[in-house]
Amino acid sequence: MDLGSQILQYFISGITNGAIYAVIALGFTVIYNATEVINFAQGEFVMLGAMVMITLSGVNGLPVWLCFILAVSVVTLVGMVLERLAIRPVKSASAISLIIITVGASIFLRGVAMMLWGKDSLGLQPFTGERPIRIAGAALTPQSLWVLGITVLVMVALQFFYKKTITGKAMRACSFSKRGACLVGIGVNRMVLLSFGLSAAMGAAGGIVIAPITMCGYDMGTMLGLKGFCAAVLGGLGSSPGSIAGGFLLGILEAMGAGLISSGFKDAIAFAILLIMLFIRPSGLLGQGETGRV
Amino acid sequence: MAKHRWLQVSICGVVLAAVPLLLPGRYYLNVLIFIGIHTLLAVGLNLLMGYAGQISLGHAAFFGLGAYTSGILSATYQVSPWLAMLAAVAVTVTVALLVGIPTLKLTGYYLAMATLGFGIIVHICFKEFTWLTGGPSGLVGIPSLRLGGLVLDDPWSYYYLVWAVVLGAISLSLNIVDSRVGRALRAIHDSETAAAASGVATAQLKIWVFVLSAVYASVAGSLYAHFVTFISPSSFDFMFSIKLVTMVVIGGMASIWGAILGAATLTVLPEVLAVFHDYDIIIFGTILMVVMIFMPQGLTRGVLDLVGRRRLQQSAATAGRSDG
């Protein structure tokens, strides 16, 4: 393969991974906007989505779309339960306590997954065949198209939800001012619960579509969640377009770095980009106003 | 240092000196040595997290830097282990300064994420610089420490060495938190803006405490490396950083003595729960969540507060009775 098609190949795997990072980053953003909580258990939603999907698709006769819906529903429920049991009881917690609580939740979910599915990695058949599509010497698998397609669908659906539905508008109102939203009769608690459910659902969808691409195990969520958070910070924490841009940017830079420099340092590259971003511009590429600097 | 602090440290020292005489075997001494090493880490991280209120999700990196610098210098380059330990401290201070100066300008989630990213990068370097660190299979043949003609390769002598260092670190920390600097640190915890307004050099102080806690971790790492004589990257991963945070949380934020409790609990728990050996992560997760939800100040402080409140209620009740 010549360098040109090699770079194209890296680019393709970059946008495939980037799409997933973008969806996870959007999940962070949904919760952050509603509650100013960073949910470090976000990656575990992705893992749960993939694992539940794998289990369900082992059941004879269940069509893929039904498995998809069931898996997303299960994880949505987990997200909501997490909010009720671990987030709502702490009313005025500092960032440090919330970080520790959600990190605790992520470890807990990982442990439960290890109990349910064991330590071995599991695989899943691609949704529609394995024959790759050739583009200028590079290969694009049908599963990558699924990943991109579902990602775009999730993004469009989220925008539609925020802009066109009354619940979505209420959620946006909460993110502007909880007090104000409360005054006009919006159930803020219900919105927070919903945001956890929504974010879990998005994470699950991401996990389901990448299940056939990566090996899936109880510990797959950690790195994915962290990368998603990298993407969210990269784009500007709290900004939806920023999350999407950050996700794709991270995916592409990481794939190029892994391909052209060293694959062992793939994850280190992502975090180095994050650190540089935090040092230079903590408000992110598209973030405005609020920053993490003192 | 106030007199009662000397007393506390001395009593603790006497108890610790007597413990090995009562123990039936080497196994228990090994556990106590690990508790000591973990206590050193927890005391350092507690200064940063509990007192100054700055989170670090990457402290395993400093533990690893201490262990690897010590290990590589003494095993590969035959440097004397004590010199290697000193060099490890120097390396850690340099790295902590390089990382701390830009990182500690961040707060909350951004700081957590930056330290976490740093921890992961260092862990990956341990794994990938195979020519230097031995890669994923680890670094072998780290020599034991020597004291004069005495080789500290048995658990008895190592126990006394480790706990002497721990007691030293505890005394130092008690002095620090009781001093002007300690009060300034707590002021930063409560409100950085207010602390700065009342003349605390917040930026310098945060970096200073970050470097100090990194040095504690580095010394712990060196002690660990020369004791087990074999190190591999998996001992310094993200989960270990989380385990350290758990120790501080359990032991009680802003409680130096609590650090021993936290370190002991999290070192002994996996041993006791050997039946569930794989599931100890569920227990960590649950502890983290439950303690933080119900006792955000940590277990020691939480229990003390509960006891204090009860005592207050009791005295109020007796006061009420004597009035009537």
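Reading guide: rules and limits
Residues numbered from 1 in each chain as written. Chains lettered and ligands numbered in written order. Predicted model: local features only at pLDDT ≥ 70, side-chain atom pairs only at ≥ 80, totals over all residues. Heavy atoms only, no water. Helix = DSSP H or I, 4+ residues; strand = E, 2+ residues; numbered from the N terminus. Rg over C-alpha atoms; globule rule 2.2 N^0.38 Å. Contact = heavy atoms within 4.5 Å. Lys, Arg positive; Asp, Glu negative; His and termini not counted. Charge placed at Lys NZ, Arg CZ, Asp CG, Glu CD. Buried < 20%, exposed > 50% of the residue type's maximum accessible area, 1.4 Å probe, protein only. Core = buried A, V, L, I, M, F, W, Y, C linked by side-chain atoms within 4.5 Å. Salt bridge = Lys/Arg side-chain N within 4 Å of Asp/Glu carboxyl O.

Caption draft 1: Representation of the overall build of chain B within the structure. A count of helical and extended segments in chain B gives 14 helices and two strands. Relative to the 2.2 N^0.38 estimate, which gives 20 Å for 324 residues, the radius of gyration of chain B is 21 Å and therefore close to what a compact globule would have. Dimensions along the principal axes, computed over C-alpha positions, put chain B at roughly 80 × 50 × 40 Å. Residue pairs at least 24 apart in sequence account for 79% of intrachain contacts in chain B once pairs closer than 6 positions are excluded. Between the mean site of the 16 positive side-chain charges and the mean site of the 12 negative ones, chain B shows a separation of 11 Å.

Caption draft 2: How the structure looks around the environment of A:Leu237. Mapped onto the elements, A:Leu237 comes out in the loop between helix 9 (220–235) and helix 10 (240–260). Relative accessible area serves as the criterion here: at 11%, A:Leu237 is assigned to the buried category. Along the sequence, A:Leu237 and A:Ser5 sit 232 residues apart, while their C-alpha atoms lie 34 Å from each other. Ignoring anything within four residues of it in the chain, the contact list for A:Leu237 reads A:Tyr32, A:Ile38, A:Phe229, A:Ala232 and B:Tyr110.

Caption draft 3: Expanded view of the nonpolar core. Counting residues in each nonpolar core, the largest one holds 214 residues, and the members touching the most others are B:Met49 and B:Leu223. Setting aside residues up to four positions removed in sequence, B:Leu223 forms contacts with B:Ile37, B:Leu40, B:Met85, B:Leu145, B:Tyr158, B:Leu161, B:Val162 and B:Val165.

Caption draft 4: Up close: the pattern of salt bridges. Residues and elements named next belong to chain A. Counted by the stated rule, this structure contains six salt bridges over all chains. A salt bridge links Arg110 to Glu44; the shortest N-O distance between them is 3.4 Å. Residue Arg110 is located in helix 4 (residues 95–117), and its partner Glu44 is located in helix 2 (residues 42–57); the two are separated by 66 residues in the primary sequence. The class for Arg110 is buried, based on a relative accessible area of 6%. Here Glu44 falls in the buried class, since its relative accessible area comes to 1%.

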